[in-house]
Amino acid sequence: MLPPVRARLDWRVSEAFASVKYALSPPEQAVFVPLERDLLATVELPPTSTPQPSPAVTPTFASPTEITAPTATTTPGPTPLPASAQLFGVRHEYQTWNNCGPATLSMALSFWGWQGDQAAVADFLKPNPRDKNVMPYEMAAFVDESTDLKAVLRVGGDIDLVKRFLAAGYPVILEKGFEGPDFSGWMGHYVLVTGYDDVRQAFTTQDSFRGPKIAVDYQVIRASWRAFNFTYLVVYPSEDELTVAAIFGEHMDEMTNFRSALDNASTEILTLTGRDQFFAWFNRGTNLAALQDYPGAAAAFDQAFSLYAAMSEEERPWRMMWYQTGPYAAYYYAGRFTDVINLATTTLEVMSEPVLEESYYWRARAREALGDVQGAIGDWEKSLEQHPGFGPSLVQLARLGQSTP
């Protein structure tokens, strides 16, 4: 039970268990099939603190053939960038088991003189060390609540924007896909970008898994970044607010940012194939859900899951729902509660350890909507077992007058 001993042994036990579980039930063979494509919301949703669809948003029921690329517009060219930029002062950290998020955020904070390490970040972000994922919004919350720095999280980033932040002196955290010979299958990962070189056409990344100062081609970064809607996080001192806002430009406004990311995903749908097109459809759904067009988002996720089912087993990014919750919100607010339950159950059952608090949370919401209040309470309690103090589940249990575990 000593922490240093557990840190060395826990991952070995977990990996051994996962090897056996995945050998008996290959996760890449599990396919979620939406069953309620034609269902519109006809029931009253339970009370919630989550925003409901805005009356100002017109639902979009676009089919794949109705997707058109956005009309190009002409805007003044931005200030030319230097051919290269490199930032120094980051304290590189190799991640401990299952800890790329805390390690990457710790590295970003170290650039600004923060003296903590990934263990301090992990205590806040993932009190259960077996938690498979840290959400980007949780990382931003740590910065805002536990440091003197600030953080802005946005989607739909591009190569030029990352370079602009680097040239101005700000490292950038990217959430991206990750594959390699050291593990089985596709998974999510964070990296800190600290430099670029146009001659080499490469970024300099601080990678908690692969090491410090890893050069990665621009297009390789872009291809792996697509899996996460081109999500990025910028950490900066509060006194730099105006400077950072100027670099973000119109993307400081969250809804403008999501609309831009939606345009990008819609364009990519028309030009990509295979797994990349799956990611583009998934991104379209994510952005529509953020814009509260839940029926349109649900239709986009339906198409994404259809493409997933058509992939070869070797190509499927079967860990996708470890990191994403957009389909849950889209199906829930479209009244497709059975699809929420089935997707969450499929996600949890194929894991070696069902430790996704978000999946339990959304399954509980759907169960309550269908009248299974006790099943919902059980799932919210399970989510708190996986992530003690998980705020959304605490709110729901308090609403029902339930004491927390």
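Because the structure is predicted, anything quoted here is derived from the model rather than measured.

## Focus on the overall build of the chain
So, point 1. In terms of helices and strands, the chain carries 16 helices and seven strands.
So, point 2. Buried residues in the chain amount to 53% of all 405 residues.
So, point 3. Sequence-distant contacts in the chain: of pairs separated by 6 or more residues, those separated by 24 or more amount to 67%.
So, point 4. Total accessible area on the chain stands at roughly 18000 Å², and carbon and sulfur atoms take up 55% of it.

## Observations concerning the pairing of strand 7 (residues 232–237)
So, point 1. Summarising burial for strand 7: six of the six residues are buried, a large majority.
So, point 2. Where burial is concerned, the two faces of strand 7 agree: the one with Tyr232, Val234 and Tyr236 and the one with Leu233, Val235 and Pro237 are both buried.
So, point 3. By the bridge criterion, six bridges tie strand 2 (residues 149–154) to strand 7 in an arrangement that is antiparallel. Paired with leucine 153 across the two strands is leucine 233, which belongs to strand 7.
So, point 4. Sheet analysis places strand 3 (residues 172–178) next to strand 7, joined by three bridges and oriented antiparallel. Residue pairing across strands places leucine 174 opposite tyrosine 232, the latter belonging to strand 7.

## Some details on the nonpolar core
So, point 1. Formed by 63 residues in total, the largest nonpolar core has its most connected members in Phe278, Phe282, Phe305, Tyr331 and Trp362.
So, point 2. Secondary-structure elements contributing two or more residues to this core are helix 8 (254–271), helix 9 (274–290), helix 10 (294–310), helix 11 (320–323), helix 12 (326–333), helix 13 (337–349), helix 14 (357–369) and helix 15 (373–386).
So, point 3. Of all the elements, helix 10 adds the most residues to this core, at nine residues.
So, point 4. When neighbours within four sequence positions are excluded, phenylalanine 278 is seen to be in contact with Ala304, Leu307, Tyr308, Met311, Pro317 and Met320.

## What about the packing of helix 2 (residues 100–110) against helix 4 (residues 136–146)?
So, point 1. Where helix 2 contacts helix 4, the two axes come as close as 11 Å, and the packing angle between them is 40 degrees. Judged by the angle between their axes, helix 2 and helix 4 are oblique. Here helix 2 and helix 4 pass one another in a crossing that is right-handed. Where helix 2 abuts helix 4, its residues Gly101, Leu105 and Leu109 lie against Met139, Phe142 and Val143.
So, point 2. Here the residues of the contact of helix 2 with helix 4 sort into five nonpolar, one polar and no charged.

## Remarks on the packing of aromatic side chains
So, point 1. Inspection of the entire model under this criterion finds 30 aromatic pairs.
So, point 2. On the numbers, 6.2 Å between centres and 55 degrees between planes, the contact of tryptophan 322 with tyrosine 323 is tilted.

## A short note on the packing of helix 12 against helix 13
So, point 1. Between helix 12 and helix 13, the least distance of the axes is 7 Å, while the angle of their chain directions is 155 degrees. Between helix 12 and helix 13, the angle is such that the two are roughly antiparallel. The two elements helix 12 and helix 13 meet at a crossing, and its hand is left-handed. Contacts from Pro327, Tyr328, Tyr331 and Tyr332 in helix 12 reach Phe337, Asp339, Val340, Leu343, Ala344 and Thr347 in helix 13.
So, point 2. A breakdown of the residues in the contact of helix 12 with helix 13 according to their chemical character gives eight nonpolar, one polar and one charged.

## Details of helix 5 (residues 159–168)
So, point 1. Of all 10 residues in helix 5, seven are buried; the element is thus mostly enclosed.
So, point 2. Among the residues making up helix 5, those that are buried are Ile159, Leu161, Val162, Lys163, Arg164, Phe165 and Leu166.
So, point 3. Of the residues flanking the start of helix 5, the one acting as N-cap is aspartate 158, its side-chain oxygen 3.2 Å from the backbone nitrogen of aspartate 160.

## Digging into the confidence of the model for the chain
So, point 1. On average, residues of the chain score 87 in pLDDT, and 83% of them reach the 70 mark or higher.
So, point 2. Within the model, pLDDT remains below 50 along residues 41–65, and this stretch shows 47 contacts once partners closer than five positions in the same chain are excluded.

## Some thoughts on the pattern of salt bridges
So, point 1. Taken as a whole, this structure holds 15 salt bridges when the rule is applied.
So, point 2. In this structure, glutamate 353 and lysine 132 form a salt bridge, with 3.5 Å as the shortest nitrogen-oxygen distance. Here glutamate 353, found in the loop between helix 13 and helix 14, pairs with lysine 132, found in the loop between helix 3 (118–125) and helix 4; they are 221 residues apart in sequence, far enough to count as distant. When sorted by exposure, glutamate 353 lands in the same class as lysine 132, which is buried.
So, point 3. Among the salt bridges present, the one from aspartate 302 reaches arginine 336, with a minimum N-O distance of 2.8 Å. On the criterion of sequence distance, the pair formed by aspartate 302 in helix 10 and arginine 336 in the loop between helix 12 and helix 13 is long-range, its members being 34 residues apart.
So, point 4. Through salt bridges with shared partners, a single network forms among Arg222, Arg226, Glu268 and Asp276.

## Thoughts on the pairing of strand 4 (residues 187–197)
So, point 1. Most of strand 4 sits inside the fold, with 11 of its 11 residues counted as buried.
So, point 2. In this structure, strand 1 (residues 84–86) lies alongside strand 4, joined through three bridges in antiparallel fashion. Opposite alanine 85, over in strand 4, you have tyrosine 196 as the bridge partner.
So, point 3. Note that strand 3 and strand 4 share seven bridges and pair antiparallel. Residue pairing in the sheet places glutamate 175 in a bridge with tyrosine 190 of strand 4.
So, point 4. As paired elements, strand 4 and strand 5 (residues 202–207) share five bridges and run antiparallel to each other. Each bridged residue has a counterpart across the sheet, and for tyrosine 196 the counterpart in strand 5 is phenylalanine 203.

Conventions and cut-offs
Residues numbered from 1 in each chain as written. Predicted model: local features only at pLDDT ≥ 70, side-chain atom pairs only at ≥ 80, totals over all residues. Heavy atoms only, no water. Helix = DSSP H or I, 4+ residues; strand = E, 2+ residues; numbered from the N terminus. Buried < 20%, exposed > 50% of the residue type's maximum accessible area, 1.4 Å probe, protein only. Contact = heavy atoms within 4.5 Å. Areas by Shrake-Rupley, 256 points an atom, 1.4 Å probe, with all protein chains shown as cover. Pairing = 2+ DSSP bridges. Core = buried A, V, L, I, M, F, W, Y, C linked by side-chain atoms within 4.5 Å. Axes fitted to C-alpha atoms, helices over the stretch in contact; angles between N-to-C directions. Parallel < 35°, antiparallel > 145°, perpendicular 65-115°, else oblique. Left-handed = near helix turned anticlockwise from the far one by under 90°. Nonpolar A, V, L, I, M, F, W, Y, C, P; charged D, E, K, R; others polar. Phe/Tyr/Trp six-rings, centres within 6.5 Å; stacked < 30°, edge-to-face > 60°. Polar contact = N/O pair within 3.5 Å; in protein donor to acceptor, adjacent residues only side chain to side chain. pLDDT = per-residue confidence, 0-100. Salt bridge = Lys/Arg side-chain N within 4 Å of Asp/Glu carboxyl O.

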